[in-house]
Each structure stands twice: as C-alpha cells, then as structure tokens.
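Descriptive analysis of the structure
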Amino acid sequence: MLGYKVETDYQIFRFVDDIFIFYNDSNVSIEAINNYKEELSKVNLKLNSEKESKDIDISQIFDSAVNEVKDALNIF
C-alpha cells in the first residue's frame, strides 16, 4: 500500500478465515480491501462483502475467539 506504513497507519491480521484491518484513516481500509480483491481475483477468489463490517468493538471478536479455543480444549 503506497504511502502507508504498516504498524503506524494500519495493521492487518488473519484469524482462521477472517481478515481484520485496523487503520487510522478510512482511506487505508479502502485501499487495503481493494488490494485484497485484486490479489484474490488472480487465484479466482473473492471477498464476501456480506460479511464485511466496519467500526466494530474488537473486544467482542477476541472474547469470542478465546471462548471458542477454550471450548475446543475442554472437549479433549
């Protein structure tokens, strides 16, 4: 992403099959999403725009992920 610095202007994480983009400026997210779409199209894949959400409370994401791991470990 031209002109933007990772860990300063944005950070991207992948958790299982979800991608999380944290950013300081909405233009960064637009460019990142467009870059992902372009690269995925090269291998005949695409983002599911119905699953896209903005300005969410990230504590819910990490709390649910931690609970899923705890539940999986309790099975064993």
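Residues numbered from 1 in each chain as written. Predicted model: local features only at pLDDT ≥ 70, side-chain atom pairs only at ≥ 80, totals over all residues. Heavy atoms only, no water.

A closer look at the overall build of the protein
- Within the protein, the regular secondary structure consists of 2 helices and 2 strands.
- Secondary structure elements of the protein, listed N to C terminal, follow the sequence β-β-α-α.
- The long-range share in the protein, meaning contacts at least 24 apart out of those at least 6 apart in sequence, stands at 32%. (Helix = DSSP H or I, 4+ residues; strand = E, 2+ residues; numbered from the N terminus. Contact = heavy atoms within 4.5 Å.)

Topic: the pattern of salt bridges
- Evaluated as defined, the whole model comprises 1 salt bridge.
- The residue Glu39 makes a salt bridge to Lys42 at a minimum N-O spacing of 3.1 Å.
- Exposure remark for Glu39: the relative accessible area of 44% places this residue in the partly exposed category. (Salt bridge = Lys/Arg side-chain N within 4 Å of Asp/Glu carboxyl O. Buried < 20%, exposed > 50% of the residue type's maximum accessible area, 1.4 Å probe, protein only.)

Things to note about helix α1 (residues 26–41)
- Along its 16 residues, α1 runs 23 Å from first to last C-alpha, staying within 8% of the 22 Å computed at 1.5 Å per residue.
- Inspection of α1 places Val28, Ser29, Ala32 and Ile33 among the buried residues, and these make up the whole buried set. Around the axis of α1, the buried residues are gathered within 130° of arc, so they sit on the same side.
- At its buried positions, α1 is contacted by β1 (10–15) and β2 (18–23).
- Backbone nitrogen of Asn27 and a side-chain oxygen of the N-cap are separated by 3.0 Å at the start of α1; the cap is Asp25. (Expected span 1.5 Å × (residues − 1). Arc of directions from axis to C-beta. Polar contact = N/O pair within 3.5 Å; in protein donor to acceptor, adjacent residues only side chain to side chain.)

What to know about the pairing of β1
- Bridge analysis of β1 against β2 gives 6 bridges, and the strand direction is antiparallel. The residue bridging Ile12 from the neighbouring strand is Ile21, located in β2.
- Between β1 and β2, which follow one another and run antiparallel, lie 2 residues, and Val16 among them has a positive phi close to 55°. (Pairing = 2+ DSSP bridges.)

A look at the environment of Lys51
- Along the chain, Lys51 falls in the loop between α1 and α2 (58–75).
- In this structure Lys51 comes out as exposed when scored by relative accessible area, which is 53%.
- The sequence separation of Lys51 and Asp18 amounts to 33 residues, and the corresponding C-alpha distance is 9.3 Å.

Examining the packing of aromatic side chains
- Counting across every chain of the model gives 1 aromatic pair.
- When the ring of Phe13 is compared with that of Phe22, the centres are 5.8 Å apart and the planes differ by 70°; the resulting orientation is edge-to-face.
- Overall, Phe13 belongs to the partly exposed group, its relative accessible area being 43%. (Phe/Tyr/Trp six-rings, centres within 6.5 Å; stacked < 30°, edge-to-face > 60°.)

All we've got here are geometric facts, nothing functional implied.
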